[in-house]
Amino acid sequence: MMKIVVGGQVDKQKIAKKIKEIAGDQVEVEIMDDIKAANTIKQGKADYYFGACHTGGGGALGMAMAILSSTKCATISMPAKPPKEEKIVEELEAGKVAFGFTSDHLEKAVTLLLKNILN
């Protein structure tokens, strides 16, 4: 079963709830602090990291970038720049596993990520 860890600074409960709402029993979801979440990915104990903050990068992905490197992380939305499916597909194809987005784009970001991860 696929495992998604939720980190970032804000809305962790909302992200986890949205993941379960969309993916149901197809995924296991666990909320963690950023360092533990990134290390869980690095150790191969989880498949994806989702995180939100107010900018989409710093607080959402700071620790993931430090632990996993920028080659595994992608900011998929920023203030006034909502997530785009083409960019998400591109990042997944490039091997990215940690995704940051702004909390105001949570619904669209999680929906597009899961649509493309699960298919």
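Summary of the structure given here. (Residues numbered from 1 in each chain as written. Predicted model: local features only at pLDDT ≥ 70, side-chain atom pairs only at ≥ 80, totals over all residues. Heavy atoms only, no water.)

Notes on the packing of aromatic side chains
At step 1: Enumeration according to the criterion identifies two aromatic pairs in this entry.
At step 2: Three or more aromatic residues joined by ring pairs form one cluster here, namely Tyr48, Phe50 and Phe99. (Phe/Tyr/Trp six-rings, centres within 6.5 Å; stacked < 30°, edge-to-face > 60°.)

Some remarks on the pairing of strand 5 (residues 98–102)
At step 1: With five of five residues buried, strand 5 lies mostly within the body of the structure.
At step 2: Where strand 3 (residues 48–53) lies against strand 5, five bridges are found, and the strand directions are parallel. Each bridged residue has a counterpart across the sheet, and for Gly51 the counterpart in strand 5 is Gly100.
At step 3: Examined bridge by bridge, strand 4 (residues 73–75) and strand 5 share three bridges and lie parallel to one another. In the sheet register, Ala74 faces strand 5, and the bridge partner there is Phe99.
At step 4: Handedness of the crossover joining strand 4 and strand 5 through helix 4 (residues 85–93) is recorded here as right-handed. (Buried < 20%, exposed > 50% of the residue type's maximum accessible area, 1.4 Å probe, protein only. Helix = DSSP H or I, 4+ residues; strand = E, 2+ residues; numbered from the N terminus. Pairing = 2+ DSSP bridges. Right-handed = clockwise from strand over helix to strand, strands pointing away.)

Details of the pairing of strand 3
At step 1: For strand 3, the buried fraction is high: six of the six residues fall into the buried class.
At step 2: In strand 3, alternate side chains face the same way, and those of Tyr48, Phe50 and Ala52 on one face and Tyr49, Gly51 and Cys53 on the other are all buried.
At step 3: When strand 1 (residues 2–8) meets strand 3, the two strands line up parallel, connected through five bridges. For Gly7, the partnering residue across the bridge sits in strand 3 and is Gly51.

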